[in-house]
Amino acid sequence: MCYTKESLDALTGRFGCPVYVFEETAFLNNARSLEGAMRTYYEKYRIAYSFKTNYAPYICKTVRKIGAYAEVVSGMEYDLAKRIGFPDEEIIFNGPCKGAAGDRAFLNGAMVHADSLDELARLCDLAKMREERQFRIGLRVNIDVGQGFVSRFGMDEEELSQAFQMVSAVPNLNVSGLHCHISRCRSKAAWQRRMETMLVLADRFFDKAPAYIDLGSGMFGSMDPAFAAQFDHAPSYEDYAGVTAALMAEHYPGKDAPWLITEPGTTLVSRFVDCISSVQAIKTARGHSFAVLDTGVHMLGETCTLKQLPVRVVPCGNPQHQFDAVDLTGYTCLEQDVVYKDFSGKLAVGDYVVFGNVGGYSNVLKPPFILPNCAMIAHTESDEYVLVKRAETGEDLLQTYIF
Ligand SMILES: *Cc1c(COP(=O)(O)O)cnc(C)c1O
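Note that the structure is a prediction, hence the values are computed from the model and not measured. (Residues numbered from 1 in each chain as written. Predicted model: local features only at pLDDT ≥ 70, side-chain atom pairs only at ≥ 80, totals over all residues. Heavy atoms only, no water.)

Hey, could you go over the sheet that holds strand 7 (residues 173-179) for me, with residue numbers and the actual values?
Spatial ordering of the closed barrel is given by 2-3-4-5-6-7-8-9, a layout of eight strands whose pairing is parallel. Strand after strand, the sheet turns through a mean of 30° between neighbouring axes, direction not considered. Across three bridges, strand 2 (residues 45-50) lies against strand 9 (residues 259-262) in parallel orientation. Within strand 9, the residue paired with Ile47 across the bridge is Thr262. (Pairing = 2+ DSSP bridges. Helix = DSSP H or I, 4+ residues; strand = E, 2+ residues; numbered from the N terminus. Axes fitted to C-alpha atoms, helices over the stretch in contact; angles between N-to-C directions.)

Which residues make up the pattern of salt bridges, and what values do they have?
For the structure shown, the criterion picks out 15 salt bridges. Residue Lys65 pairs with Glu24 through a salt bridge whose shortest N-O separation is 2.5 Å. Of the two residues, Lys65 sits in helix 3 (residues 57-65) while Glu24 sits in helix 2 (residues 24-41), which places them 41 residues apart along the sequence. Judged by its relative accessible area of 49%, Lys65 falls in the partly exposed class. (Salt bridge = Lys/Arg side-chain N within 4 Å of Asp/Glu carboxyl O. Buried < 20%, exposed > 50% of the residue type's maximum accessible area, 1.4 Å probe, protein only.)

So what about the site of the ligand? Which residues, and what values?
Taken together, 14 residues sit near the ligand, with Lys52, Ser217, Glu263, Gly265 and Tyr361 positioned nearest. In the environment of the ligand, a nitrogen atom lies 2.7 Å from a nitrogen or oxygen atom belonging to the side chain of Glu263. Measuring from an oxygen atom of the ligand, one finds a side-chain N or O atom of Tyr361 at 2.6 Å. Coverage of the ligand by the protein amounts to 90% of the 390 Å² it exposes when considered alone. Among the detected pockets, the ligand sits in the largest pocket. Of the residues in the shell around the ligand, the class split is one nonpolar, eight polar and five charged. (Near = heavy atom within 4 Å. Polar contact = N/O pair within 3.5 Å; in protein donor to acceptor, adjacent residues only side chain to side chain. Areas by Shrake-Rupley, 256 points an atom, 1.4 Å probe, with all protein chains shown as cover. 1 Å grid on protein atoms, 1.4 Å probe; cavity = no way out; pocket = protein on both sides within 12 Å on 5 of 7 lines; lining within 4 Å. Sits in = over half its atoms within 2 Å of the grid points. Nonpolar A, V, L, I, M, F, W, Y, C, P; charged D, E, K, R; others polar.)

Listed below in structure tokens is the structure:
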């Protein structure tokens, strides 16, 4: 988004500073372009949005506008998906520790993916106790796509074959699909290996085609050019589609073809939330310059410590100084709360600093540490700004303590 001093004065005047801004139109366009790239090769493709990445209800509702499914990993997220209006058939329930909510979702007909044989055994028992009804289950598989570590999630081929045996002993239960998800492994080659491995497993374990193959998440998304330049060769959606959807089309030419699902979180949302902050103080200590902002690493998310987020300074009119290397620091009392190292440019106290790419693992990961979180607004498709999360108060954070 383009911001001017006047537009930022107006927004922060209404909603406070700092404030998160969700860009709805750009978010939808990006989601549609991912869908479009995949559907060019394979019509039966579907997005399941990863709630944990950013479960702001407004964003989850926006996802529903394009017919995407919900991907949840806890009872809290499952209940939220239901409250927003996702029917059970459109909710994928992943995660290693679902608790009672996993059982509830299974009985309600959600797409529950068992992560372990122990979990599967419990769900088999639930099905057996209800002979008159038909149930389905998905299985999370543990595969190696060259990620360089052993994932702790899912069942490897040996356990998978036990899982299929367990399910075949339950007449009213069947395995409807296979799921995998490997984080920190975003290359095109890794996605091709995922797809190929899943197709081999599907051929080995299913008599007919499964109802779906779910490849999880971990694609690079649309990125601001300055941000994209910090990664080498981030593939495009077309690149990913060429090694996944294209292989599905080849493998399943008939009409009983399975759905292909992916579960984007960061891919969908990261680029489309900004955080507007402002400079509170500028100082020099022992030859090193620091600018203190009213945001921080906990509000912006871990990415700001690993990469340089897209950043724009909007002058407030106070006389600026030119800096070659000023560290932009947060409001906490932690030395490591540096949100941008070695910023070079002009800066004055009172200037706005707008960070981009903070849509994933930011507001949902903000701890109740030192300060409550700021508000979130949405820039809607009808070009209005609406409040979608009010600023937290100290009282909100202290509610659960007994005085
Ligand atoms: C976290 C997670 C996702 C989303 O991952 P991103 O990196 O945010 O896109 C999808 N599926 C599963 C099972 C996850 O645990």
